[in-house]
Structure formats: structure tokens, C-alpha cells
Amino acid sequence: MNSLTTELQQRISTLQNKLRTADLEAYVITDQEDIWYFTNINYKPEQRPFVLIMYPDRKPLFVVPKLEVDHFTVPYFDYELDNYFDVTSKAGSNWYEVLGEHLKNFSRVGIEGNSQLLMTHFTSEINWVVKFIVQNQRMIKSEYELDKLQYVADICSKVVKQTLKISRTGTKIVDTYKIAMQVGAEEMTKHFSLENRTINAVWPAEYSFMPHSIPDLNATIGAGPNIDIALFVLQGYASECERTFFTEEPNKEQQTHFEQMMTARQIFLDNLKPGNKASDIEKAVDEYFAEQGLLDNILHRPGHGIGLNNHEWPTLSLGNDSILQENMVVSVEPAIYFQNQGGYRHSDTAVITKNGYRLMTQAPTDLSELILK
């Protein structure tokens, strides 16, 4: 596996080649994750803009607040550093004045599409060209990234399996939450980062039909359908793994909905391969759900990209006709929800391979394994 220094050099070199192709003299990046992608530096903006300027033919330049200069002085890659005083400053010391000085002689300056709008507001004299170069570059993972992602996926899988082991009727939600805290504490001791995130808990049936609800930690697990949700970010990389389970024998309707979810999952996986459009995934899944009369029971897209965060590009949904490529990493989570009954959703982290896919997370999937008595 590449060293961090080599990996960052390759990422910067790839971007520089794209800038030359796009005929851009400079490229401005302000998103916190995008900056981390090229620098491996953790920070919190706290109102103050951080700007990474990439050039096609010379080393990058950071423009950062004065109090962050020492923090941004790192030995593992080569770059220039300039600073401004604070979020607002006396004339001549404002961030946009410092930035403007570095860009004033360029006729064509690119800016990543997720950058802060205030960049262009305070520097209107610059000919800005909005692009999504970094977004597209981040979608294709290197071997270095895949190794990091697999590390997090293994921990995610471990936590889900531990959660299923303790989950029975009457188990407290707080006890399922503690598992991630314990595992996360161990890992964060080894690799501390401001971006570390360790979330795991069971959403009982009264919450599982609302996937973005927050379960009461004092609640208890009931018969089901319950959903265990594990979302991790460690060492700067993410993974997710989720399982629908029961603690008592499901009735016929519940069994039917579980199998419908599993059929949609297989349809998703059958279409997860290089050359297909990202939108093909949702199209195929929705066609099946429509046949089953379940379109009103869908609340979200069937999958999304995973990398530095649990939600990033590509989105595997209608409206995105981007072509799937080898080494994209995505979630696999077609789902259906029934108010006052519960939700049905397995989720795995998967990497697209040369001929299909490989699941990076591993946990029980069959109903017979997920009736926990």
C-alpha cells in the first residue's frame, strides 16, 4: 500500500492533469472534506474560511487564518502557505484580499461546485468557472483508500454482529448504543481524529419506519421489525452496515415485506457493475416495487457513495446518469417502510469490481438468521 505522502502526491498530480485538460490556471477548494482529501489535515473552520488553491504547474497554496499557521505546517507534502488575520480584519488583512492577490493575474480560475458562495461574492472581479473535478475524482477509490475503507467496514460488521448477539425482546436501546462507544473508544485511542464518528443503535419498530428518527435510549427492543444501524468514520474513512431483525416469529405480512426487501436488494446487486448508469439501480428497484404495489412505501434512494463520509457521490438514483466505474464504493440499501409497523432495510458497504461488486461489510442477511429468540 502507498505511504500517505505518495498517496497525496498522486491525488494532487491527478487533479493537476485535470486542470490542464480544463485549461484552468488555478482551482479553489474550500470544502472541509475536499481539503482533507488532498492534505490529511483535520481542522474546524469556526467561521474562518480555509482555502486550498491548486495549480496545474506548481505546488499548492493554502490561505488559512493566522492562528492556524503552525497547525497547517506539516512535513509530508510540499506546498506554500499564506495567512489572513481573522474572519473579518482591518483593510488589507481580510481573507478575500489575500486570496484576491494570489488570483488577480489569472484569467480563468476554477472553483469546486460545493465551495462557499461567499468566495465569489467577495471576489467578483475574478472570472470564476464552477466545476466538480474533485467530486468526480473522489468517487474512484485508490488501493490506499480501499484498504482504509475495508478497515472501517470490518469494524462496522463486528459491531452489528455484536449488537445482534445481545438483542432480544426487552433489551435496552442504550445497551446497543454502548457497543459502538466501546469499540470506538478503542479505535480512537489508536487513531484520534476530529472527524471520528461511531454510531450504532437499534431502531425498534416504532422508530424503524422513520429512518431518520432518533430512538429513545430508554426504549426497549420489541418483536420487530427492528433495524440495527451502524455508521462509522475512522481514520478519515467511512462505512455503514444495517440489518433488519425480529426477536419473535414474524407474521405472514412481515415475512412478505422482508422478502420483498431482499428481492429488491438482489435486483440492486445484479445491476451494480461497471458500465451501468447510476440511475439504472433505482430504475430497476422501483420497477420491482411498483409491481408489488409498494411505491408509496419508499422514502429514499436505494444507495449512495461512501468514502470520507457516509454520504457522498455517486448517488445511485434517478436523475444521475453517471456511468458506474470500478473502485467506486457505495451503500446497498433498497428499503420499504410501513407506518405503525416498521421498516425493512439491510445496508452494506460495497465496492464495484471489474465484473460486478464485492461486499465490504459482512453480517447475517437471511430471515432465518435474523429471528433472535
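Residues numbered from 1 in each chain as written. Predicted model: local features only at pLDDT ≥ 70, side-chain atom pairs only at ≥ 80, totals over all residues. Heavy atoms only, no water.

K.L.:
Can you walk me through the state of the cysteines in this structure?
P.N.:
Formally, a disulfide is one covalent bond, and it connects the sulfur atom of one cysteine to the sulfur atom of another. Applying the stated criterion across every chain yields a total of zero disulfides. You can see C156 has no disulfide; the closest cysteine sulfur is in C241, sitting 6.0 Å from it. (Disulfide = S-S within 2.5 Å.)

K.L.:
What am I meant to see in the packing of aromatic side chains here?
P.N.:
Describing an aromatic ring pair means giving the distance of the ring centres and the angle of the ring planes. Tallying each qualifying case throughout the model produces 13 aromatic pairs. Their ring planes at 90° and their centres at 5.4 Å tell us that W95 and Y96 sit as a pair that is edge-to-face. Residues Y288 and F289 carry aromatic rings whose centres are separated by 5.8 Å and whose planes lie at 45° to one another, so their mutual orientation is tilted. One exposure class covers both Y288 and F289, and it is buried. The positively charged end of R11 is found above the aromatic ring belonging to Y37, 4.4 Å away from the centroid. Cation over ring: R58 sits above Y55, and NZ or CZ is 3.9 Å from the ring centre. (Phe/Tyr/Trp six-rings, centres within 6.5 Å; stacked < 30°, edge-to-face > 60°. Buried < 20%, exposed > 50% of the residue type's maximum accessible area, 1.4 Å probe, protein only. Lys NZ or Arg CZ within 6 Å of the ring centre and 35° of its normal.)

K.L.:
What is the right way to look at the pattern of salt bridges in this model?
P.N.:
Side-chain pairing between opposite charges can occur once the charged atoms of the two side chains come close. All chains considered together, the criterion is met by 16 salt bridges. A salt bridge links K141 to E312; its shortest N-O distance comes to 3.2 Å. Of this pair, K141 sits in the loop between helix 5 (133–139) and helix 6 (143–166) while E312 sits in strand 11 (residues 312–315), and the two are 171 residues apart along the sequence. Since its relative accessible area comes to 3%, K141 is described here as buried. Here D175 and K178 are joined by a salt bridge, their closest N and O atoms 3.9 Å apart. (Salt bridge = Lys/Arg side-chain N within 4 Å of Asp/Glu carboxyl O. Helix = DSSP H or I, 4+ residues; strand = E, 2+ residues; numbered from the N terminus.)

K.L.:
Sorry if this is basic, but what is going on with the side chain of T244 here?
P.N.:
With respect to the secondary-structure elements, T244 resides in strand 9 (residues 237–245). Polar contacts involving the side chain of T244 include one to the main-chain amide nitrogen of R345, which spans 2.7 Å. Not counting residues within four places of it along the chain, the set of residues in contact with T244 comprises P225, N226, I227, F258, M261, G343, Y344, R345, H346 and L370. (Polar contact = N/O pair within 3.5 Å; in protein donor to acceptor, adjacent residues only side chain to side chain. Contact = heavy atoms within 4.5 Å.)

K.L.:
I'm lost on the side chain of Q16 in this one. Help?
P.N.:
Within the secondary structure, Q16 sits in helix 1 (residues 4–21). Classification of Q16 as buried rests on a relative accessible area of 16%. Setting aside residues no more than four positions away along its own chain, Q16 makes contact with Y55, P56 and R58.

K.L.:
What am I meant to see in the packing of helix 9 (residues 252–270) against helix 10 (residues 278–291) here?
P.N.:
When two helices pack together, their arrangement is captured by the angle between the axes and the distance separating the axes. In contact at an axis separation of 9 Å, helix 9 and helix 10 are set at 150° when each is read in the N-to-C sense. With respect to helix 10, the axis of helix 9 lies roughly antiparallel. For the element pair helix 9 and helix 10, the recorded crossing hand is right-handed. Every residue of helix 10 that contacts helix 9 at Q260, T263, A264, I267 and F268 is listed here: I281, A284, V285, Y288 and F289. Looking at the contact of helix 9 with helix 10, its residues break down into eight nonpolar, two polar and no charged. (Axes fitted to C-alpha atoms, helices over the stretch in contact; angles between N-to-C directions. Parallel < 35°, antiparallel > 145°, perpendicular 65-115°, else oblique. Left-handed = near helix turned anticlockwise from the far one by under 90°. Nonpolar A, V, L, I, M, F, W, Y, C, P; charged D, E, K, R; others polar.)

K.L.:
Explanation requested: the pairing of strand 7 (residues 197–203) in the structure shown.
P.N.:
It is a general feature of regular strands that their side chains alternate between the two faces of the sheet. Of all seven residues making up strand 7, five are buried, and the element is well covered by its neighbours. Summarising the sheet, strand 7 and strand 8 (residues 226–234) pair through seven bridges and their orientation is antiparallel. Residue pairing in the sheet places I199 in a bridge with L231 of strand 8. (Pairing = 2+ DSSP bridges.)

K.L.:
What should I look at first to understand the sheet that holds strand 4 (residues 80–84) in this one?
P.N.:
Strand pairing in a sheet relies on backbone hydrogen bonds. The paired strands run either parallel or antiparallel. A sheet is described by the order of its strands in space; here six strands give the open sequence 4-3-2-1-5-6, paired in mixed fashion. Each of the sheet's edge strands pairs with one partner strand only, and the pair in question is strand 4 and strand 6 (128–131). The sheet shows a mean angle of 25° between the axes of neighbouring strands, taken without regard to direction. Two elements, strand 5 (residues 109–112) and strand 6, share four bridges in a ladder whose sense is parallel. The residue bridging V109 from the neighbouring strand is W128, located in strand 6.

K.L.:
Please clarify how the sheet that holds strand 7 should be interpreted in this entry.
P.N.:
As summarised here, the arrangement of the three strands in space is 7-8-9, forming an open sheet in which the pairing is antiparallel. Since the sheet does not close on itself, it has two edges, and those belong to strand 7 and strand 9, each with one partner. Each adjacent strand pair in this sheet contributes to an overall mean axis angle of 5°, direction not counted. Summarising the sheet, strand 8 and strand 9 pair through nine bridges and their orientation is antiparallel.

K.L.:
How do you make sense of helix 10 when you look at a structure like this?
P.N.:
Helical geometry note: an α-helix holds 3.6 residues per turn, so side chains three or four residues apart project in the same direction. Along helix 10, the positions that sit buried rather than exposed are A278, S279, I281, E282, A284, V285, D286, Y288 and F289. Looking at the buried residues of helix 10, the elements they touch are helix 9, strand 11 and strand 13 (336–338). Two residues or fewer after helix 10 comes G293, characterised by a positive phi angle close to 70°.

K.L.:
What's the story with the nonpolar core in this structure? I'm lost.
P.N.:
The nonpolar side chains of a soluble globular protein tend to be buried, and buried together. By size, the foremost hydrophobic cluster in this structure holds 95 residues, and its most contacted members are I29, F38, M54, F62, F232 and L272. With 10 residues, helix 6 is the single largest residue contributor to this core. If near-sequence neighbours (up to four positions away) are discounted, L272 is found in contact with I281, L316, L324, V330, V332, A350, I352, G356 and Y357. Core analysis: the next-biggest nonpolar cluster, separate from the first, contains 17 residues, V51, V63, V98 and I126 among them. (Core = buried A, V, L, I, M, F, W, Y, C linked by side-chain atoms within 4.5 Å.)

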